[in-house]
Structure formats: C-alpha cells, structure tokens
Amino acid sequence: MAFYDGIFKGLGLEGWCGGGASNAPVSMADLLAQSNGDDAASGPAFPFPSLDNLNESCASIVQSRDVTKGIEDGFLAAKPALKTVLDPITQPLSWLLDGALYAFETIPWFIMIPALILLAYWASRSVAVTVFVAFSILALAFVDHYDVAMQTLAIIFVCTGISVALGVPIGIAMSKNDTLQRMVVPILDLLQTLPTFVYLIPLIFLFSVTESKLYGIAIILYAIVPVIRLTDLGIRLVDQDVVEAANAFGMNGRQKLMGVELPLALPNIMAGINQTIMMSLAMVVIASLVSAPGLGVNVLRGIRNLELGVGIVAGIGIVLLAVILDRTSKAALDRVDMARKQR
Amino acid sequence: MTEPKVRIRDLYKIFGAHDKDVLQHVKAGMGKEELLVEHKHVLGLQDINVDMQPGEITVVMGLSGSGKSTLIRHLNRLIEPTAGEIFVDGEDVMKLSEAGLRSLRQERMSMVFQKFALLPHRTVQQNAAMSLRIRGRDETEQANEARKWLDRVGLGGYENHYPNQLSGGMQQRVGIARALTANTDIMLMDEAFSALDPLIRTDMQDLLLELQTELHKSIVFITHDLDEALKLADHLVILKDGAVVQQGEPQGILLNPSDPYIEDFVSDINRARVLRVKSVMTALEENSGIFAKTKYSGDVKATDNLESLIARSGGDTGHIYRVVEGDKPIGQIDMRDLVKALVPRVSSTGGNVVK
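Residues numbered from 1 in each chain as written. Chains lettered and ligands numbered in written order. Predicted model: local features only at pLDDT ≥ 70, side-chain atom pairs only at ≥ 80, totals over all residues. Heavy atoms only, no water.

All names here are of chain B. The final tally for this structure, using the stated rule, is 31 salt bridges over all chains. Ionic pairing is found between Lys-278 and Glu-325, a salt bridge with its closest N-O pair at 3.3 Å. Placement of the pair is Lys-278 in helix H14 (residues 277–280) and Glu-325 in strand S13 (residues 320–325), with a sequence separation of 47 residues. Lys-278 gets classed as partly exposed once you look at its relative accessible area, which sits at 46%. Connected through shared salt-bridge partners, Lys-5, Asp-89, Glu-91, Arg-108 and Asp-185 make up one network. (Salt bridge = Lys/Arg side-chain N within 4 Å of Asp/Glu carboxyl O. Helix = DSSP H or I, 4+ residues; strand = E, 2+ residues; numbered from the N terminus. Buried < 20%, exposed > 50% of the residue type's maximum accessible area, 1.4 Å probe, protein only.)

Attention now moves to the packing of helix H8 (residues 168–181) of chain B against helix H9 (residues 198–215) of chain B. Residue and element names in this part refer to chain B. The geometry of H8 relative to H9 is characterised by a closest axis approach of 11 Å and an angle of 20 degrees between their N-to-C directions. It follows from the interaxial angle that H8 and H9 lie roughly parallel. You can see that H8 and H9 cross each other, and the crossing is right-handed. Note on element contacts: H9 touches H8 through Ile-200, Asp-203, Met-204, Leu-207, Leu-211 and Leu-215, opposite Gly-169, Gln-172, Arg-173, Ile-176 and Leu-180. Per-class residue counts for the contact of H8 with H9 are seven nonpolar, two polar and two charged. (Axes fitted to C-alpha atoms, helices over the stretch in contact; angles between N-to-C directions. Parallel < 35°, antiparallel > 145°, perpendicular 65-115°, else oblique. Left-handed = near helix turned anticlockwise from the far one by under 90°. Contact = heavy atoms within 4.5 Å. Nonpolar A, V, L, I, M, F, W, Y, C, P; charged D, E, K, R; others polar.)

In this section: helix H16 (residues 306–313) of chain B. Residues and elements named next belong to chain B. Among the residues making up H16, those that are buried are Leu-306, Leu-309 and Ser-313. The buried residues of H16 occupy an angular sector of 60 degrees when the element is viewed end-on, so they sit on one face. Contacts from the buried residues of H16 go to helix H13 (271–274), H14, strand S12 (299–301), S13, strand S14 (328–334) and helix H17 (335–341). Among the residues trailing H16, Gly-314 stands out with phi positive, at a value near 70 degrees. (Arc of directions from axis to C-beta.)

Okay, the sheet that holds S12 of chain B next. Residues and elements named next belong to chain B. With mixed pairing, the four strands of this open sheet are ordered in space as S11-S14-S13-S12. Sheet topology places strand S11 (282–283) and S12 at the edges, where each strand pairs with a single neighbour. Across six bridges, the pairing between S13 and S14 is antiparallel. Across the sheet, the residue bridging to Val-323 is Gly-331, located in S14. (Pairing = 2+ DSSP bridges.)

Okay, the packing of aromatic side chains next. As enumerated under the stated definition, the model contains five aromatic pairs over all chains in all. On the numbers, 5.8 Å between centres and 75 degrees between planes, the contact of Phe-104 of chain A with Phe-157 of chain A is edge-to-face. Within this pair, whereas Phe-104 of chain A is found in helix H5 (residues 64–106), its partner Phe-157 of chain A is found in helix H8 (residues 146–176), the two being separated by 53 residues in sequence. The class for Phe-104 of chain A is buried, based on a relative accessible area of 12%. Residue classification places Phe-157 of chain A among the partly exposed residues on the basis of a relative accessible area of 33%. When the ring of Tyr-261 of chain B is compared with that of Phe-265 of chain B, the centres are 5.5 Å apart and the planes differ by 85 degrees; the resulting orientation is edge-to-face. Residue Tyr-261 of chain B and its partner Phe-265 of chain B are located together in helix H12 (residues 260–266), separated by four residues, close to a single helical turn. The exposure class assigned to Phe-265 of chain B is buried, which follows from its relative accessible area of 16%. Sitting over the face of the ring of Phe-87 of chain B, Arg-7 of chain B holds its NZ or CZ atom 4.8 Å from the ring centroid. (Phe/Tyr/Trp six-rings, centres within 6.5 Å; stacked < 30°, edge-to-face > 60°. Lys NZ or Arg CZ within 6 Å of the ring centre and 35° of its normal.)

In structure tokens form, the structure reads like this:
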C-alpha cells in the first residue's frame, strides 16, 4: 500500500489509474529496500507527491525517469530535421577550421614565426609586446610544442573571427532594439552560465565527433557572448550629445552607425574581442574532449594517463598563448583608445 | 512686415506616454505641478507663438527647466511636438517626410551645441566639414570650405588637431565653423557659450556679432544669461515654465517689463551698459525747431550705451546732448532722464517705483 492510494480512490480515478497496481519497472532504490527486508510503506510517513511516489499508487502517472527519457526521445526525433537544416549552414565552419589547421601546419616555421611576430607588432605597435611574443613562440617551439601550439592558434583565429563577424552585428541590432535586447540577454546569460560540458552533449548527438565544426560551434557559442554584450553596451554608451549633433546635421542611419556610433564604441568592442579571444582559448582545452587538436590534447593526456610533466608543459603553453594574445589585443585596444585621448 | 523665417504657432509639448490625451487638461488651464501630480506627465511647452525674422538674432531666454532647449529642438524636430505648427520659410515642418526632414537639417538649419558635440575621432577640419561629407560633396570642396570657415573663426593652423587637444573656447569655434560650413540660412545655438568661462564667452559673443554683420543669418540663440541675451538679441523671447512671458525688442523689455518675474530678472543687470541712447532719448522731428533753440553740450550716437555717455559728461547731470543717427539729428537726451532710466522698476517687492 502506497501513501497516496487513498487520494486516488477518493477522487474516483481508480479506473483511469488501472486498478492501482503499478507495473512500472522497479527502481534500483526499491530493489535495495526490498532486499534489505524493508517495505515501501515503511518510508517517510508523508512522502513528497513526486512523480515516482504518485506512480506507486497510480500506474498511469509517469515516473521521473520517463521525463529524462522523453527529452532524449524528443531530441532524437527532432534530430533528422535539425541536421538537415544545421548541417549545410555550419559546413563552411568545418572547411574554415580544416583550412586554417592545414595552413598553420604546412607553412614552414621559418616563415610562420616571423609572420606571427610581424602581426603582433602590427597590432600592438609595441616593441616590448613583440619581443615577449617572439620569446614565447620560440620557447614553445624549443620544447617541441610548436605544432600543437599552432593548431590551437589556428582554431582560435577562426573561432574569434567568426565570433566577431557574427557578434558585432548582433550587438548592433540589440543596441537599436530594446525588445531584441530583452530577448537576447537571457540567451547570453544561459550560454555564459551553462556548464560547457552540457552543450557539448547535444552537439555530439547532432554532428559526428570526427567533424571539426563540432568543437568549432562549441567554442563559438561560448566565446561569442562578450563581443555581443560589449558591442551593445558600447553603442548604448556613445555620448548622446554627439549622436544628437549627428541627427541635427541630418545624418541617415548608416552614416550615423559607421561615422559616429561604431568609432566611438570601438574601445568597448575591442575589449569584447579581447574577452572573446580569452574565452575561446579556455574552451579550446575543453573542446579537446571532442577531438579538437592542439595543446588541449596534451592536457587531456596528462589527466587520463596521469602524465604530470606532459600536462604541466601543455598547461604552461596555454598560459603563454593566453598571455601573448591578451597583451597583443590589449595593446591594440590601448592604441585605439590613445588615438582619441591624446592630450 | 516681411515673411518670418520661422513661425511657431500654438506649440505644445508634454512629456509622457499619453501626451495627446492630457493635452486637453493643459488647454483647459492645468498647471505644470498639477499635471505632474495628477497625470504623471511633464509639461514642456505650452501655447508658444513666436515669429523669427530673417537676418535677426532671436534670443530665447529662461532659467533651467523653462523649456528653452526643448523649444529649439522643435525647430528641426529633434523633439516631436504634442500639438502645434512650425513653419520654416512658410513650409510646415510637421508635414515633412523623413527624407524631407533630413534635407531640412542638412541644408537649411545648422546647430551649435552647449557641450560642443564634436566627433572626437575626427580632426578639426573633418569636424568642420561634417555637413558637407553628409551631403556627399567631394573631398576638395569639403577641405576648402572647412578651411575657409576655420580661418574665419580664428582657427587657421589647427586643421589637423583633434578636438580634445583644444581648449573649450577653441572647440566651440570648431562647432561654429561646422555650422557655418553647412552654409544654412538658419543657425540654432543651444546655450552655445554657457560652458565657457566669462572672458572667452565675451570673445565668442563678439565673434558671433561680427559674423552676423557680415552674413545676416537667422540665428536662434538659447541662453540663461540675461547680459548675453541683451547683448545679442534683436528679438528677445522670455520663457518661464514652458510659456512665453514676454517677447519683443530687448531694450523695450528692459524698460517696460510686463511681469514681476521679468522685473526681478532685469533688476540685477548693469543697465548703463545695456541701455542705448536711442531707447532713453526724447525723439524729435529734424525740422521741429527745437534743435535750433536748445544749447547742446555735444552730439552722441544713437547706438552708444549710457555708460559711455556718463563717462563723457563726467557725471554732471546738467548736460543735454543732441542724438544723431548717421549725420541726421533724431532727438535729444537730458542727463537727468538718463539717470532716471538707470533705476530699475521693482513693483513686485515694493520699494521705489519709477514710471
């Protein structure tokens, strides 16, 4: 006799419940209780009316395990349709990632390293930063981590590029439309707080683990948030007096966006890009769980096989990459800022 | 009378979500406080009727919150009115399409702002050329026009500086050059000199008057400073709580304030510097014969201010001067009348009333 039998009897729902005899599979907890000689009735005197407890009195009520199963079944049922839509849309991402990885791996080091150092100088215009970048890359190459570091860098370049290309327009649209902002902000909150492993699960179901877009999407979803947020914020923070002047002189929407709002919001947008780079680097390690190549693989090997040295060297490599990316993008940000704060 | 450049008729502005609905209460005579308490709407402007003549400086003066900045923003519809009509060159601004409104803002009205509102990422020259770039003129025209007007406002040589490398006064010169480069008939100046310190403000006022004698634009100037208003105005409009208390020729307002509020206002200013001989003199016909009979201590110009005349007479009230405009005598001024005109009429607080 379960606790809620009386209620279903009283409501006259016995017929609907199928006589009260539960034919649901026995749960492991029940099995253990039975083998210990207890009876289900000897549980708490007044159990919470949860799905499992109600099910004991009325077989027509589903068990909690059916809820999780239902979600799974629902997802699997929608999968073919989702796949037909998402697969072609995201295919270019695979090409981009594969192409970038191929390029970074095949260009010989004596061209690649100077090119990266020049890029760092072009972006930062700072000798100190450039020297640090050169030192870091050479150090990584010296301990034979050049290839994996380049793979990680290739993935970050592609994912950051796509995040900016998508995130800035989304941020602009949000800043222009309060309704859109109210709708998008919860999604951004969700992407930022959802444990990263959680959205790897449905992605694995949708795409095959051998496709590079799987980890590409995971990284972009995680890293796109700051650039959207800061573009929206940056445009909303643009001095309203200047915007009013733009209106008073008859600028149209496009002239205002390109000539006033984006340039004035640039420091904030650059800060967002800096955060996006950092977050895609954080995610590239986790993405190695789903076959992303690079330094993350070595970290994973360190954890799996308890190879302390391998894990630590790869970890330091990631820190070095993080620092050079951060310093270079920060120096670029400062340069943009300085251009208008020079006094 | 010539056709006014800008004509404002029955203009009302109420801030709030249901402005059109509460308008009837305002028209029925509900005040600002009452409206805020009972309907949670803010009364911005009520029943404004102003004509702005071409080639004149119309000064709109009032304290903070009197609605003067709101009023100027109605002229180019940066703020939409609740009710009323605005005509520019006889054309109803309220009926303009979006493109028509943009062309009005580009080609017929330019604006100078209290906080300068220059583009910080553009050079001084690019800022000055802003209006021409918006209109899509070619680069050389932009550069030539911008340089011409920057030179005119005394900023030659600063073309390639950035705005924040300049002082406040210089930044506002860029703001004025930007408005002049637009080459519009109407210039809107929203507290353009209020953020500047007093000496620079005087310089800028002189610059504006000098430009005005040359260019004859129709200028709408907003200020909270009565001295500035009296110095610049051809036509003075005084606002209080969103309504016009008095408007007219500034000397007339000073000598005949219609309202205790304005009397309080004008009681603090240096009347000797502001009042001009013409406003105080006794006008006489050229051939009235009085000129021949009276013995004058000398000739004064109609546009001289009283201060200069006091200095000239050495404080002696026994003199009578002949007033000339050009070469023509138009009246006479007795130093005794002059001294009387210096005493403000203070009826609100009692005391000495001089009529």
